Amino acid sequence: QVQLVESGGGLVQVGGSLRLSCVASGSFFSINYMAWYRQAPGKQREFVAFISSSSATRYADSVKGRFTISRDNAKNTVYLQMNSLKPGDTAVYYCNAGVTTMSPSRTDAYWGQGTQVTVSS
């Protein structure tokens, strides 16, 4: 009923920038929070950035000052602007969102398929 689709990943040099996008589609009443997580090979998925329904933001210490999360409610889209990229940022990046649907009303967490970000030395 709800789909999240990420885009914008790719290969970038150390110090470069990328902007990830995640679009929510389907039948739903509203989107609550939106967030980004990432998972490097052989490691657990880790939190990257969060944005609330009122656009309050929170970041992992490892990306603070380099990454910026934002959202466009009219487009049901969340963005992650990544600057000053480091090799340690290499991972699959996943979009996460709390979505409220109706009939009956409920709120669930949804995940995208992920997009690969590779930062070369």
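See above for the structure.
Residues numbered from 1 in each chain as written. Predicted model: local features only at pLDDT ≥ 70, side-chain atom pairs only at ≥ 80, totals over all residues. Heavy atoms only, no water.

**Q** Run through the state of the cysteines, naming residues and quoting values.
**A** By the definition in use, this model includes one disulfide. Between the sulfur of Cys22 and that of Cys95 lies a disulfide, 2.1 Å long from S to S. Handedness here is read from the sign of the S-S torsion; for Cys22 and Cys95, about -85 degrees, the answer is left-handed. Here Cys95 lies in strand β9 (residues 91–101) and Cys22 lies in strand β3 (residues 18–26), a separation of 73 residues in the sequence. Residue Cys95 is classed as buried on the basis of its relative accessible area, which comes to 0%. (Disulfide = S-S within 2.5 Å. Helix = DSSP H or I, 4+ residues; strand = E, 2+ residues; numbered from the N terminus. Buried < 20%, exposed > 50% of the residue type's maximum accessible area, 1.4 Å probe, protein only.)

**Q** Account for the side chain of Arg66, naming residues and giving values.
**A** Relative to the elements of secondary structure, Arg66 occurs in the loop between β6 (57–59) and β7 (67–72). A distance of 2.8 Å separates the side chain of Arg66 from the side chain of Asp89, its partner in a polar contact. (Polar contact = N/O pair within 3.5 Å; in protein donor to acceptor, adjacent residues only side chain to side chain.)

**Q** I'd like to hear about the pairing of β3, residue by residue, with values.
**A** With six bridges joining them, strand β1 (residues 2–7) and β3 adopt antiparallel strand pairing. Opposite Gln3, over in β3, you have Ser25 as the bridge partner. (Pairing = 2+ DSSP bridges.)

**Q** With reference to specific residues and values, describe the packing of aromatic side chains.
**A** Under the criterion given, the structure shown has three aromatic pairs. Ring centres 5.7 Å apart and planes at 75 degrees place the aromatic pair Tyr37 and Phe47 in the edge-to-face group. With Tyr37 in strand β4 (residues 30–39) and Phe47 in strand β5 (residues 46–51), this residue pair connects regions lying 10 residues apart in the sequence. Each residue in the set Tyr37, Phe47 and Trp111 is aromatic and connected to the rest through ring pairs, giving one cluster. We note Arg58 situated over the ring of Phe47; from NZ or CZ to the ring centre the distance is 4.3 Å. (Phe/Tyr/Trp six-rings, centres within 6.5 Å; stacked < 30°, edge-to-face > 60°. Lys NZ or Arg CZ within 6 Å of the ring centre and 35° of its normal.)

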